[in-house]
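Breakdown of the fold
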Amino acid sequence: MDTIGVGLIGSGYIAHYHARGLAEAADVEVPVLCSLDGKAAEEFADKYGINDVTDQINDMLGREDIQAVVISTPNKFHAPYAIEFMKNGIDVFVEKPMAVSALQGTEMIECARKNERILMIGHMWRFDTEVNYIRDIVQSGKPGDIFKTKGYGIHVNWGPAGWFTEKELAGGGALADMGVHAIDTARYILGDPEPKEVYAKISTSFGDYEVDDNGIVVITWETGAVSIIESGWWHPHADGPEAGTQVFGTEGYASLFPTFWKKKQGDNPEKIVPDMPERKEHCDQVMYSQQMKHFIECVRNRIKPVSGMTEGQTVLRIVDAAYESARSGKVVKL
Ligand SMILES: NC(=O)c1ccc[n+]([C@@H]2O[C@H](COP(=O)([O-])OP(=O)(O)OC[C@H]3O[C@@H](n4cnc5c(N)ncnc54)[C@H](O)[C@@H]3O)[C@@H](O)[C@H]2O)c1
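Below is a summary of the structure that appears in this document. Quick caveat, the model's predicted, so the values are computed rather than measured.

Before going further, it helps to examine the pairing of strand E10 (residues 226-235). Each regular strand carries side chains that alternate between the two faces of the sheet. The sheet contact formed by strand E7 (residues 146-156) and E10 spans 8 bridges and is parallel. Bridging from a neighbouring strand, Ile154 pairs with Gly232 of E10. Sheet analysis places strand E9 (residues 214-221) next to E10, joined by 7 bridges and oriented antiparallel. Bridge pairing in E10 places Val218 opposite Ile228.

At a minimum axis distance of 11 Å, the contact between helix H1 (residues 13-24) and helix H2 (residues 39-48) shows a crossing angle of 20°. Our classification of the angle between H1 and H2 gives roughly parallel. Judged by the twist between their axes, the crossing of H1 over H2 is right-handed. Note on element contacts: H2 touches H1 through Phe44, Lys47 and Tyr48, opposite Ala15, His16, Ala19 and Arg20. Partitioning the contact of H1 with H2 into residue classes produces 4 nonpolar, 1 polar and 2 charged.

To characterise two packed helices, one gives the angle between the axes of the helices and the distance between these axes. Viewed as axis vectors pointing N to C, helix H5 (residues 129-140) and helix H7 (residues 174-189) meet at an angle of 40°, and their least axial separation amounts to 8 Å. Classed by the angle they form, the pair H5 and H7 counts as oblique. Here Val131, Asn132, Ile134, Arg135, Val138 and Gln139 of H5 lie close against H7, whose contacting residues are Thr185, Tyr188 and Ile189. Class assignment of the residues belonging to the contact of H5 with H7 gives a composition of 5 nonpolar, 3 polar and 1 charged.

So, on to the sheet that holds strand E15 (residues 332-333). In space, the 9 strands of this open sheet follow the order E14-E13-E12-E11-E7-E10-E9-E8-E15, with mixed pairing throughout. Lying at the two open borders of the sheet, with one neighbouring strand each, are strand E14 (271-272) and E15. Two elements, strand E11 (residues 243-249) and strand E12 (residues 252-256), share 4 bridges in a ladder whose sense is antiparallel. The residue of E12 that forms the bridge with Phe248 is Tyr253.

What follows is about the layout of surface pockets. A volume near 1000 Å³ is recorded for the largest pocket. If you go around the largest pocket, you meet 45 residues; those closest to its centre are Tyr13, Ile14, Ser72, Trp163 and Phe164. If you list the elements that add at least two residues to the lining of the largest pocket, you get H1, helix H3 (78-87), E7 and H7. Among the elements that make up the lining of the largest pocket, the one with the highest residue count is H7 (4 residues). The residue inventory of the lining of the largest pocket, partitioned by class, reads 23 nonpolar, 15 polar and 7 charged. Here the lining of the largest pocket gathers at least three residues from each of two domains, domain 1 (4-123 + 286-306) and domain 2 (126-281 + 315-333).

Reading guide: rules and limits
Note on numbering: residues in each chain are counted from 1, in written sequence order. The predicted origin of the model limits local features to residues at a pLDDT of at least 70 and limits the giving and counting of side-chain atom pairs to 80 or more, whereas totals for whole chains, interfaces and linings rest on all residues. Hydrogens and water are ignored here; the side-chain numbers use all heavy atoms of the structure. Being paired, for any two strands, means DSSP has found at least two bridges between them. Counting from the N terminus, the helices are DSSP H or I runs at least four residues long and the strands are E runs at least two residues long. Comment: axis = line fitted to C-alpha atoms, over the contacting stretch for helices; angle = value between 0 and 180 degrees taken between N-to-C directions. In these notes the angle categories are as follows: under 35 degrees is roughly parallel, over 145 is roughly antiparallel, 65 to 115 is roughly perpendicular, and the rest is oblique. Each crossing is labelled by how the near helix is turned from the far one, with a counterclockwise turn of less than a right angle marking it left-handed and a clockwise turn marking it right-handed. Any two residues whose heavy atoms approach within 4.5 Å are treated as being in contact. Under this grouping Gly is polar, as are all residues other than the nonpolar Ala, Val, Leu, Ile, Met, Phe, Trp, Tyr, Cys and Pro and the charged Asp, Glu, Lys and Arg. Buriedness for pockets is judged along seven lines, at least five of which must meet protein on both sides within 12 Å for an open set on the 1 Å grid over protein atoms alone, while cavities are sets there where a 1.4 Å probe fits but cannot get out, and lining residues have an atom within 4 Å of a point. Grid points are joined across faces, edges and corners, and a volume is the space filled by probe spheres set on the points. Note: domain ranges come from an automatic or database domain assignment.

Below is the structure:
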């Protein structure tokens, strides 16, 4: 098997998960890191056995020893960096959100198609065992026709600082940060339907910044099912751990975190609770490692990723529509 060389861009919080994931993948080498973290970047490189460190992405272009990159930078750089690498023949994994606007997403897709590159987006819940259990139950038809989902991505008594709260760098607040996971998870469980309408109420209630920390988004899918999505930072309460989704069907109900499902059976519905591997943390390394393994498989075998560019772009279209709806007070048709 040919070794795949991967360059990392960014050495912050999420890059550690990706570096560990790549270390677990077979026949992968990481020869170079690009980061603005100075000494911390050198320490990161030492920790994961990366030989070269630079603070210029141009230094990574034209290197024979990388076929792919993993972009874990502030959101503003996702699109321009991904496009630059793809133009230079390099496959790209980019963190969520795919970009700061659907327009940028379109440009990334055009570039990937033109240059025949793999473009995968970090919607990592698609690689989680419990998410896939609930998706399989829903797709089996056992809960009947799905008419509603309720999902959220909320940090309780906590919220990020720094670039996450700067509109210029992040593109948006909790909706762009946490809401995107809840939107993509609901859509994945539903079998990736097209969104038709979006209505949203979005506000800033907790911080002195120009981005949102409270959002309620209502999405109507082509199937007629409606998804309610909540996003937030610093909230006093969430219905469970930092992300969860409930699915309501005409014949049953499925819950992700806690994970179980039940069939509608008069007054005594049968509740089925599957055995699931123990999680060390809610967002555990296991799903990030699965995600990196899948990226490498896609690069090696030229496969379309499960969380590919159209999936990332659909989330961006919903997010853009939600911000527009919150501004106008009107339903936005897609
Ligand atoms: N999927 C997830 O669970 C998850 C979790 C956290 C963050 N993220 C996403 O990952 C990305 C990074 O988030 P983070 O929490 O790791 O941020 P972070 O602030 O911890 O790290 C950002 C990194 O980007 C580098 N950087 C900044 N500007 C750069 C530039 N112009 N060129 C090259 N490198 C640059 C910094 O030096 C730093 O190493 C964001 O898009 C975020 O939304 C995803």
